[in-house]
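Examination of the molecular architecture
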Amino acid sequence: MDQLGIADRRQLRRKLGFWRLVSIALVLCVGLAVYSYSGAGQGTVRPHIARVTISGIIQDDRELLERLDRIAEADSAKALIVTISSPGGTTYGGEVLFKAIRKVAEKKPVVSDVRTLAASAGYMIALAGDRIVAGDTSITGSIGVIFQYPQVKDLMDKVGVSLEEIKSAPLKAEPSPFHPPSDEAKAVIQAMIDDSFNWFVDLVADRRKMPRAEALALADGRIFTGRQALKLKLVDDLGGDDQIRTFLEDRKVAKSLDIIDWEAPRTSLPFGIGSAAAAWVKSLGYEAFPYLGSLEKLGSEKLFLDGLVSVWQVGSD
């Protein structure tokens, strides 16, 4: 092939490559535009009722706290529904979420929607709502605090392994899984538990407008159905969306407003655009774009429960 033919082929490749990249950019832009226009997320500007879902183990979730702050400041969000399906989690995680939801409640009505389960720190969060709505058979309550740690000394003795330690004071790193706790170590942990527990009980008494002695009587770790919780004044109403809408209408929030889920930012493109775009790019011969294919992958979640825990545990005896 002569030099002129080679130059023409190179020029054609460059043009083809340019238009391939332009096409990829257009597909991504169109997808993002559709996503934004759909209002599926916190970018919507039309009046609506915001909803956040809190599920699973409750931890110190900075992204959720920031999302609640944005809802508090968003004029388009006329109210907030907090949907809860959680057995609890860390007491600190419940505490900071409670305070963040109360900040929202200072500016707009907030309803706690107790679904299948809102126990321990899950109920702590529910207390932040101006009204708590639960199902007849929802599980709630389990007001209390727990501190657990494994004890592996007997196992170590069986396999002939010992652990020696030198520390600055007897209570450093106590209690330890490698030897039974001393009475002093037990007393220190019990004092921490009692302090957090008393804070929780005071919170129940304050938010549910009941004498502290009454709240304390309910704080023995028991769980309740929604029907039982209503009789004990731990929730305000039984039902679901209709009861939530009725309450919000009483607070001057129109029933005609859409409920829009304020979700955590996606690590993938919406509607499967990431994987579709990756496949299309490969079909065009661009195997050198591995990161586009990974747009559809979510990061794995790791559970770290640090500190005192307020969580309902089935069969923990």
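Shown above is the structure to which this text applies.
Residues numbered from 1 in each chain as written. Predicted model: local features only at pLDDT ≥ 70, side-chain atom pairs only at ≥ 80, totals over all residues. Heavy atoms only, no water.

Describing the packing of helix 2 (residues 62-73) against helix 3 (residues 91-105)
Angle between the axes and distance between the axes are the two parameters that describe a pair of packed helices. We apply this condition: For helices, the axis comes from a line fit to the C-alpha atoms of the stretch in contact; other axes are also lines fit to C-alpha atoms, and the angle between any two N-to-C directions lies between 0 and 180 degrees. Comment: elements are numbered from the N terminus, with helices defined as DSSP H or I runs of at least four residues and strands as E runs of at least two. Angle categories: roughly parallel below 35 degrees, roughly antiparallel above 145, roughly perpendicular from 65 to 115, and oblique for all the rest. Residue contacts follow a heavy-atom distance rule, with two residues in contact if any of their heavy atoms lie within 4.5 Å.
The contact between helix 2 and helix 3 brings their axes to 8 Å, and the two run at 10°. As far as their axial angle goes, helix 3 and helix 2 are roughly parallel. The residues of helix 3 that touch helix 2, namely those facing Leu64, Leu65, Leu68, Asp69, Ile71 and Ala72, are Val96, Leu97, Ala100, Ile101, Lys103 and Val104.

Here's the deal with the packing of aromatic side chains
For the record, the criterion: For Phe, Tyr and Trp, where Trp contributes only its six-membered ring, two rings pair if their centres lie within 6.5 Å, and the inter-plane angle classes them as stacked under 30 degrees, edge-to-face over 60, or tilted in between. The cut-offs for exposure are 20% and 50% of the maximum accessible area for each residue type, with area from a 1.4 Å probe on protein chains only; residues under the lower value are buried, those over the upper are exposed, and the others partly exposed.
One pass over the full model with this rule turns up 1 aromatic pair. Both rings, one in Phe147 and one in Tyr149, keep their centres 6.2 Å apart while their planes meet at 50°; by these two values the pair is tilted. Classification of Phe147 by relative accessible area gives partly exposed; the value is 30%. For Tyr149, a relative accessible area of 32% gives the class partly exposed.

Quick notes on the pattern of salt bridges
For the record, the criterion: Any carboxyl oxygen of Asp or Glu that lies within 4 Å of a side-chain nitrogen of Lys or Arg is treated as forming a salt bridge with it.
Under the counting rule described, the total for this entry stands at 18 salt bridges. We note a salt bridge from Asp136 to Arg227, for which the minimum N-O separation is 4.0 Å. Placement of the pair is Asp136 in the loop between strand 4 (131-134) and strand 5 (139-141) and Arg227 in helix 8 (residues 226-231), with a sequence separation of 91 residues. One salt-bridge network, in which partners are shared between bridges, spans Arg102, Asp130 and Arg251.

A closer look at a nonpolar patch on the surface
Where we set the bar: Within this analysis, patches are made of residues with over 30% relative accessible area and no salt bridge. Like charges are joined at 9 Å or less; nonpolar side chains (Val, Leu, Ile, Met, Phe, Trp, Tyr) at 5 Å or less. Here the Shrake-Rupley method, with its probe set to 1.4 Å, supplies the accessible areas, and only the displayed protein chains count as covering residues.
Nonpolar side chains collect at one region of the surface, where Leu155, Val159 and Val161 lie side by side and expose about 280 Å² of accessible area between them. On the accessibility criterion, Val159 (54% relative accessible area) is exposed.

Some words on the nonpolar core
We count it as follows: To form a nonpolar core, buried Ala, Val, Leu, Ile, Met, Phe, Trp, Tyr and Cys residues must be joined to one another through side-chain atoms within 4.5 Å.
One finds Leu68, Leu80, Val82, Val204 and Leu234 to be the most contacted residues of the largest nonpolar core, which totals 52 residues. Top element by residues in this core is helix 6 (residues 183-207). It accounts for 8 residues. The residues touching Val82, leaving out its near neighbours within four places in the chain, are Val52, Ile54, Ile101, Val110, Val111, Ser112, Asp113 and Ile125. Judged by nonpolar contacts, the second largest core, of 10 residues, contains Ile49, Ala79, Ile81 and Leu248.

With respect to the environment of Ala173
Considering the arrangement of structural elements, one finds Ala173 in the loop between helix 5 (153-159) and helix 6. Once the C-alpha coordinates of Ala173 and Ala185 are considered, the two residues, 12 residues apart in sequence, prove to be 9.4 Å apart.

So, the environment of Arg251
As for its position among the elements, Arg251 is in the loop between helix 9 (241-250) and strand 8 (259-261). By relative accessible area, Arg251 is classed as partly exposed at 38%. Distance from Arg251 to Pro109, taken between C-alpha atoms, is 7.0 Å for residues 142 residues apart in sequence. If we skip the residues at most four places from it in the chain, Arg251 touches Pro109 and Asp130.

Some words on the pairing of strand 3 (residues 110-119)
Rule in force here: For two strands to be treated as a pair, DSSP must find at least two bridges joining them. The handedness rule is simple: strands pointing away from the viewer, and a clockwise path from the first strand over the helix to the second, make the crossover right-handed.
With 8 of its 10 residues buried, strand 3 lies for the most part within the structure. The sheet contact formed by strand 2 (residues 77-90) and strand 3 spans 6 bridges and is parallel. Bridging across to strand 3, Leu80 finds its partner in Val110. As a crossover connection, the stretch from strand 2 through helix 3 into strand 3 is right-handed. Here 4 bridges tie strand 3 to strand 4, and the two strands are oriented parallel to one another. Residue Val111 lies in a different strand from strand 4, and its bridge partner there is Arg131. Of the pairings in the sheet, the one linking strand 3 to strand 5 comprises 3 bridges and is parallel in character. Looking at the pairing, Leu117 lines up with Ile139 of strand 5.

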